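Structure assessment
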Amino acid sequence: MRNNPGSRQRLAAALWLLVAMLLLGHNGYLWLVQRIAPNTDILALLPAQQQDPVKQQAFDHMVDAAQQRLVVLVGASDWPQAVRAADAYRAVAASRPDLLTPADAASDQVQRDWLAPFAGSRFDLLTPQQRQALHTEPASYWTQRGLSGLYGAFGGPKLGAWQDDPFGLFGDWVQARARETPVRPRDGKLFVEAGGRSYVVLLMTLRQPAFSMSAQQAVMPLLNRAKAAAEAAPGIEIISAGVVLHAAAASAQASGEMSTIGIGSLLGIVLMMWLSFRSLKPIALIAASIAVGCLGALSLCWLLFGQIHLLTLVFGASLIGIAQDYGIYFLCSRLRADGQAGGDRRNLLVRIWPGLCLTLAAALIGYLGLALTPFPGLRQMAVFSGVGLIFAWLTVLCWFPIFATGGSLRASRPALAFGASRAGWPRLQRNRASLSALLLFALAAAIGIARLHVSDDIRSLQTPPPALLADQIKLSKLLDAPTPVQFYLVRADSIEQLLQREEALQPRLQTLIDQQVISGYQAISSWTPSIARQREDGALARTALLADGGPLAAIAQQIGEGPDWIAGLRAHLAAQQNLLTPEAFLRTPAGEPWRHLWLGNVGGQYASIVALRGLNDYANLPLLARQADPEHGVQWVDKVNEISGVLGSYRRYMGWVTAGAYAAIFVLLFLRYRQSAWRVLLPPALASIAALAMLGLLGLPLQLFHVLALMLILGLGVDYGIFLQEAPDRHDRFAWLAVGLSAVSALLAFGLLALSKTPPLHAFGITMLIGMASVWLIAPCTAPVSDVQQTEAPKKDRHD
């Protein structure tokens with residue numbers, strides 16, 4: 001009993017059943033108890049910036065600042081109508097404070113809180129225009145300005161009593177800061193006007209992570225109800241922008257595609273197996289191997305990564321089209337054993353063991369290429385798919401010898417007819433026909449590859465819904481919002497030096513504003529100048545305006561006040577010498593909108609961001625880059641160009657990895673097939689060339705995800721050659737049937753990926769579609785040409 005192979009096989013099947021039950025229980029716990037939610041952040045697919053952690057932190061800081069914000073513009077042809085619609089929108093949004101918190105950004109209290117940090121520094125804050133005027137304008141100009149403010153004729157803003165700002169310096173400074181945005185307070189609300197329409201600006205903070213699917217599923221219906229309430233009156237326009245909107249759209253698209261790919265592949269495989277075997281038993285066995293593979297992949301991925309990306313599930317859905325190869329190979333080998341005289345089912349696993357091992361190893365080498373990338377999302381995809389294949393392969397080893405060998409297994413007439421079609425398939429030989437075919441292929445490939453061009457632009461990997469994109473563009477123009485992906489990163493050894501470096505950059509940016517290259521910039525030093533600048537400006541203002549015989553004395557003479565009045569006002573203004581610092585300013589309500597510009601102490605250095613507004617022409621990016629001064633800590637950051645460059649680097653890197661994988665697989669095959677190893681490797685090589693040529697003929701640019709697909713074409717394409725190479729001879733109809741069933745399944749799975757609207761998956765899928773179809777067609781042409789005939793059962797055998 002101890003040496004009985006059947007007993008050992010039953011023990012293996014029982015133990016594997018226990019493993020499957022544990023996996024099922026763990027998956028049930030994850031989905032039903034822990035209620036896991038896939039990560040939908042597309043940036044998880046991109047490599048982290050390791051060379052410069054400060055730069056990466058600056059980018060993350062900019063992105064994080066916008067990630068939880070939702071901005072809604074409610075517009076109408078007149079202001080009262082816009083206010084009513086905005087109130088209706090706000091009322092619905094405020095009904096779920098656990099999801100959204102509307103900001104009370106324009107109330108009287110908020111405006112008082114906004115001015116409070118500057119109360120003690122009014123005389124120390126000057127604009128460049130004021131600084132120049134204090135140097136150039138005569139005393140009479142300032143005297144008249146002070147009198148105009150005192151008697152109300154001066155039209156500038158009055159922020160407090162006249163004695164607090166007698167010459168309107170602080171009022172002008174506040175106006176200059178207000179020009180950094182077109183948004184203004186009006187009737188307790190934020191207001192912007194454009195094109196003859198009035199818009200109420202609603203600022204809301206998302207209370208849950210924007211990339212949480214559960215948060216998206218709760219927020220989107222709430223926003224739809226709020227929009228419907230606002231649009232109850234005719235003529236209302238709603239413009240919305242926020243990361244959560246794009247994340248929800250991507251989640252809905254990816255979830256739908258995951259269902260389409262997974263369910264479509266499963267239904268296609270079930271139908272194909274039924275048409276081939278006319279029995280539910282092969283279908284159930286293959287479905288079981290796929291199910292165990294998916295359960296194992298999800299469990300191990302969660303244990304290894306602590307989370308799972310939604311695109312991993314989308315990509316992993318194609319696992320259905322791959323994991324069934326091992327079951328198909330076993331079942332078709334079983335058909336051969338039944339059809340041969342004296343076929344022994346008991347030793348079937350021993351006979352097909354080399355082929356099973358080679359197919360798994362070749363596929364894993366393909367996924368190893370994905371695992372070698374620096375992309376966290378792609379590494380997770382590789383682990384998910386590789387682990388899934390291993391679990392499916394072990395299921396075939398443990399269960400199929402028990403459940404697939406009892407009774408008879410019959411192939412349908414169409415399946416047998418397809419298997420027999422291999423005998424008439426053309427083969428690559430040393431003759432004129434083969435040489436002509438190769439020359440034609442080489443000519444077509446050369447034409448296609450010559451037209452192939454490369455594009456690594458990260459923007460081509462994102463296709464938001466047109467309505468969302470239109471809203472984002474319109475809102476950005478109305479609010480003159482800064483871009484979060486192009487900015488200046490300023491670094492220094494101290495806060496004072498950091499602010500001074502920002503101040504040195506500002507005149508260069510002002511030149512670009514005058515040239516209409518940008519519309520403006522945002523910098524912490526605009527709100528809290530360096531201590532040296534504050535002291536210099538305070539001394540300038542006091543010398544020019546408060547000195548004996550100066551404008552203040554002239555005003556006193558005009559209004560009939562004496563020396564005591566002058567001394568009292570001087571003392572009052574002298575008390576306003578509380579120098580501002582960034583840390584103190586950013587802790588106040590006034591500093592809240594600008595916190596994303598301040599990085600503080602990072603690795604022993606202080607860092608900040610200078611953001612740009614109105615950057616609409618990317619042709620001006622080189623001009624902006626030239627304004628940087630790396631020697632003095634001012635660095636230009638163009639994250640779009642930087643990530644695109646990284647994608648290009650890894651596209652080239654993956655090209656070399658693919659070449660290395662061909663060499664590794666050739667060594668593996670040579671150990672088994674010796675001089676015939678090229679017969680297995682040539683089909684995927686030619687198919688990869690065909691895929692590249694077709695991309696060129698279709699006018700599609702080569703991207704990283706096309707190269708990643710070439711890795712899998714190699715890893716999966718060698719399966720077909722292995723099936724044919726392991727067959728007894730070239731007339732073996734069951735090896736060709738296994739190739740056909742596997743190829744159709746792979747084409748179905750990856751063909752559906754080619755229909756994806758997610759650009760990376762589409763690029764991956766269309767390359768796989770072309771490549772796998774080409775492998776299927778080429779594989780029998782390079783198969784062995786032995787003339788040994790297979791011993792077949794009589795025509796009226798049990799396969800019929």
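Summary of the structure given here. These figures come from a predicted structure and were not determined experimentally.

Conventions we followed
Residues numbered from 1 in each chain as written. Predicted model: local features only at pLDDT ≥ 70, side-chain atom pairs only at ≥ 80, totals over all residues. Heavy atoms only, no water. Helix = DSSP H or I, 4+ residues; strand = E, 2+ residues; numbered from the N terminus. Rg over C-alpha atoms; globule rule 2.2 N^0.38 Å. Contact = heavy atoms within 4.5 Å. Lys, Arg positive; Asp, Glu negative; His and termini not counted. Charge placed at Lys NZ, Arg CZ, Asp CG, Glu CD. Phe/Tyr/Trp six-rings, centres within 6.5 Å; stacked < 30°, edge-to-face > 60°. Buried < 20%, exposed > 50% of the residue type's maximum accessible area, 1.4 Å probe, protein only. Lys NZ or Arg CZ within 6 Å of the ring centre and 35° of its normal. Disulfide = S-S within 2.5 Å. Core = buried A, V, L, I, M, F, W, Y, C linked by side-chain atoms within 4.5 Å. Expected span 1.5 Å × (residues − 1). Pairing = 2+ DSSP bridges. Arc of directions from axis to C-beta. Axes fitted to C-alpha atoms, helices over the stretch in contact; angles between N-to-C directions. Parallel < 35°, antiparallel > 145°, perpendicular 65-115°, else oblique. Nonpolar A, V, L, I, M, F, W, Y, C, P; charged D, E, K, R; others polar.

1. Notes on the overall build of the protein chain
- A count of helical and extended segments in the protein chain gives 29 helices and eleven strands.
- For 800 residues, the compact-globule estimate of 2.2 N^0.38 gives 28 Å, and the protein chain exceeds it by more than 25% at 36 Å.
- Its C-alpha atoms put the protein chain at 130 × 55 × 55 Å along the principal axes.
- Here the contacts in the protein chain between residues at least 6 apart in sequence split such that 83% fall between residues at least 24 apart.
- In the protein chain, which carries 64 positive and 53 negative side-chain charges, the distance between the mean positions of the two groups comes to 16 Å.

2. Notes on the packing of aromatic side chains
- Tallying each qualifying case throughout the model produces 20 aromatic pairs.
- Between Phe118 and Phe585, the ring centres sit 5.9 Å apart and the planes meet at 45°, which makes this aromatic pair tilted. Here the residue Phe118 occupies a position in the loop between helix 4 (108–115) and helix 5 (128–136), and Phe585 occupies one in helix 23 (residues 582–586), the gap between them amounting to 467 residues. No difference in accessibility class separates Phe118 from Phe585, as the two residues are buried.
- Positioned above the aromatic ring of Phe191, the side-chain terminus of Arg186 is 4.8 Å from the ring centre.
- In this structure, Arg459 is placed above the aromatic ring of Tyr618, and the distance from its NZ or CZ to the ring centre is 4.7 Å.

3. Quick word on the state of the cysteines
- Applying the stated criterion across every chain yields a total of zero disulfides.
- Among the cysteines around Cys332, which has no disulfide bond, Cys357 carries the closest sulfur, lying 18 Å off.
- On the accessibility criterion, Cys332 (1% relative accessible area) is buried.

4. Side note on the nonpolar core
- Residues Phe400 and Met768 are the most contacted members of the largest nonpolar core, which totals 128 residues.
- Sort the elements by how many residues they give to this core and helix 27 (residues 704–726) lands first, with 16 residues.
- Phe170, Leu499, Trp594 and Val602 belong to the second largest nonpolar core, which has 46 residues in total.

5. What to know about helix 27
- Along its 23 residues, helix 27 runs 34 Å from first to last C-alpha, staying within 8% of the 33 Å computed at 1.5 Å per residue.
- Counted residue by residue, helix 27 has 23 buried out of 23 residues, so it is predominantly covered.

6. Considerations on the pairing of strand 7 (residues 482–492)
- The buried count for strand 7 comes to eight of eleven residues, which makes it a mostly enclosed element.
- As defined by bridge partners, strand 7 adjoins strand 10 (residues 605–613) across seven bridges and the pair is classed as antiparallel. Bridge pairing links Tyr488 to Val610 in strand 10.
- Sheet analysis places strand 7 next to strand 11 (residues 634–638), joined by five bridges and oriented antiparallel. Paired with Val490 across the bridge in strand 11 is Val634.

7. Considerations on helix 5
- Within helix 5 the residues assigned to the buried category are Gln130, Arg131, Ala133 and Leu134. Down the axis of helix 5, the smallest arc covering the buried residues is 165°, so these residues share one side. Structural note: helix 5 exposes Pro128, Gln129, Gln132, His135 and Thr136 on the side pointing more than 90 degrees away from its buried face.
- Check the buried side of helix 5 and you find it contacts helix 6 (139–151), helix 7 (169–178) and helix 20 (531–546).

8. Some details on the pairing of strand 9 (residues 598–602)
- Buried residues dominate strand 9, accounting for four of its five residues.
- Of the strand pairs in this sheet, strand 9 and strand 10 are connected by four bridges, and their pairing is antiparallel. Each bridged residue has a counterpart across the sheet, and for Val602 the counterpart in strand 10 is Gln605.
- Linkage of strand 9 to strand 10, two consecutive antiparallel strands, is achieved through a turn of two residues, within which Gly603 is found at a positive phi near 60°.

9. Things to note about the packing of helix 13 (residues 348–371) against helix 27
- Look at helix 13 against helix 27: their axes get within 7 Å of each other, and the N-to-C directions meet at 170°. By the angle between their directions, the pair helix 13 and helix 27 is classed as roughly antiparallel. Residues Pro354, Gly355, Leu358, Thr359, Ala362, Ala363, Ile365, Gly366, Tyr367, Gly369 and Leu370 of helix 13 pack against Leu708, Met711, Leu712, Gly715, Leu716, Val718, Asp719, Ile722, Phe723 and Glu726 of helix 27.
- Among the residues making up the contact of helix 13 with helix 27, the classes are represented as 14 nonpolar, five polar and two charged.

10. Considerations on unusual backbone geometry
- Phi is positive for Asp187, which is not a glycine, with a value near 55°.
- Inspection of the secondary structure assignment puts Asp187 in the loop between strand 3 (184–186) and strand 4 (189–194).
- Since its relative accessible area comes to 60%, Asp187 is described here as exposed.
- At Arg674, a position not held by glycine, the phi torsion is positive, near 55°.
- The topology assignment puts Arg674 in the loop between helix 25 (639–673) and helix 26 (677–698).

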